[in-house]
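Observations on the three-dimensional arrangement
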Amino acid sequence: MSDYMEETGDPFTGKKKEELKKFLEYMGLTYDEQITHSIVLRKEKEIIATASCQKNIIKCVAVSEAYQGQNLLAHLMTSLIEYFYGMGISHFFGFTKPQNKELFCSMGMYPVTQTEKILLLENDKNGLEKFLKRLKKETQEQQKCKVENRHENGIGAVVMNCNPFTRGHEYLIREAAQKNKWLHIFILSEEQSFLTTRERYQLVREGIQEIPNVILHQTSEYMISPAVFPTYFIKEKAKAYEMNCQLDIQLFGERIAPELKITDRYVGSEPVCDVTHTYNQCLREQLPCYQIRFHEILRKTYGDQIISASEVRKKYAENQLKSVCGMLPESTWRYLERKKNENGK
């Protein structure tokens, strides 16, 4: 490797970032602005190989055709793995084109699921199995101190951010719980800008205490918003989000739902956010392929206003939380008031 020089950036900026973007473009890829760390290999100042990551997700991996077969990929992966372990990350993922499967597997990655356009891999051969085992264990433990709805036979599911938990979320959960024997609530685990994963989980837990047939889960990396999936290798950018939705729904339909015997999935209607509306449409079209019924519940309103977590965040930032107190369960309201006072807002 003495002929090559390695550079790292957290991430690169300025001229070095532009050089990386041009190299990726030449290789048929798009630079991902969410990158947090990059590695490039140079020969005589020219970039010949690169790999990047966003937290624990590998992305933008490319080796110039003239230098393929020279173990540059192995060098990049070794450097990335050293970076991961240095950051305390032991579990990581990669998204790429299905035709790169053999290449990524040679780097110690294992396929999780794939569609026609996207392949998801991880470094733990049994990672998904461990996650499914955890979900099943959580279900059995929570069922011991819960009461099933004996008037219904279905097993329902809702997947939520709850940033923060509102009366809209509470309404959707109550509606779905009434229609099912058990209802699984999955709280998306990727960190949010307003409340942490732990804060969101705890607020939901407090807000649903009176509902007897609900089972609460954190999702891990196997159930993340399709909005954060990488699209750097997808040329049809206009369709990239729908392709990511397909991967997410396939993983849910093929592996997660059967493990928990889920028969129905519930969402709130979405009249405002185009991204969420598109995701709901994908769920409506694709869930029946996995024998899962799709249900869209009309969003709850507060006066003439649709209850929205984004509106709560906005009013919190503007120091006008009282104007949306009716959108919040008592437990969420108390927590945000305390948080605001502690932060001096």
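Definitions and limits used
- Every chain is numbered on its own, with residues counted from 1 as its sequence reads.
- Where local features are concerned, this predicted model is filtered to residues with pLDDT of at least 70; where side-chain atom pairs are given and counted, the filter is 80 or more; whole-chain, interface and lining totals use all residues.
- Here the side-chain values reflect all heavy atoms present in the structure, with hydrogen atoms and water set aside.
- Think of it in three bands: residues with accessible area under 20% of the maximum for their type are buried, residues over 50% are exposed, and the middle band is partly exposed, with areas taken using a 1.4 Å probe on protein chains only.
- Comment: elements are numbered from the N terminus, with helices defined as DSSP H or I runs of at least four residues and strands as E runs of at least two.
- Two strands qualify as a pair provided DSSP detects at least 2 bridges between them.
- Working rule for helices: expected span equals 1.5 Å times residues minus one.
- The directions considered for the arc run from the helix axis to the C-beta atoms.
- A contact between two residues is defined here by any heavy atoms of the two lying within 4.5 Å.
- To get an axis, fit a line to the C-alpha atoms, keeping to the stretch in contact for a helix; angles then go from 0 to 180 degrees between the N-to-C directions.

What to know about the pairing of strand 3 (residues 46-54)
- The buried count for strand 3 comes to eight of nine residues, which makes it a mostly enclosed element.
- Bridge count between strand 2 (residues 37-43) and strand 3: seven bridges; the pairing is antiparallel. By the bridge assignment, arginine 42 is partnered in strand 3 with isoleucine 47.
- Where strand 2 hands over to strand 3, the hairpin turn is made up of two residues, of which glutamate 44 adopts a positive phi near 50°.
- Where strand 3 meets strand 4 (residues 57-63), five bridges bridge the pair, whose relative direction is antiparallel. Bridge pairing links threonine 50 to alanine 62 in strand 4.

Here we look at helix 2 (residues 72-86)
- Between the first and last C-alpha of helix 2 there are 21 Å, a value that for 15 residues agrees with the 21 Å anticipated at 1.5 Å per step.
- Among the residues making up helix 2, those that are buried are Leu72, Leu73, Leu76, Met77, Ser79, Leu80, Tyr83 and Phe84. The buried residues of helix 2 occupy one face: seen down the axis, they fall within an arc of 160°. Looking at helix 2, the residues exposed on the side facing more than 90 degrees away from the buried face are Glu82, Tyr85 and Gly86.
- Summarising the contacts, the buried residues of helix 2 are in contact with strand 1 (5-9), strand 2, strand 3, strand 4 and helix 3 (101-105).
- Looking one or two residues past helix 2, glycine 88 carries a phi angle of roughly 80°, positive in sign.

Things to note about the sheet that holds strand 8 (residues 155-160)
- Strand order in this open sheet of five strands is 10-9-8-11-12, and the pairing throughout is parallel. Two strands in the sheet have a free side with no partner beyond their single neighbour: strand 10 (214-218) and strand 12 (293-297). Averaged over all pairs of adjacent strands, the angle between strand axes in this sheet comes to 25°, irrespective of strand direction.
- In terms of strand pairing, strand 11 (residues 264-268) meets strand 12 through five bridges, oriented parallel. Bridge pairing in strand 12 links valine 267 to glutamate 296.

All quantities given are derived from atomic positions and should not be read as evidence of function.
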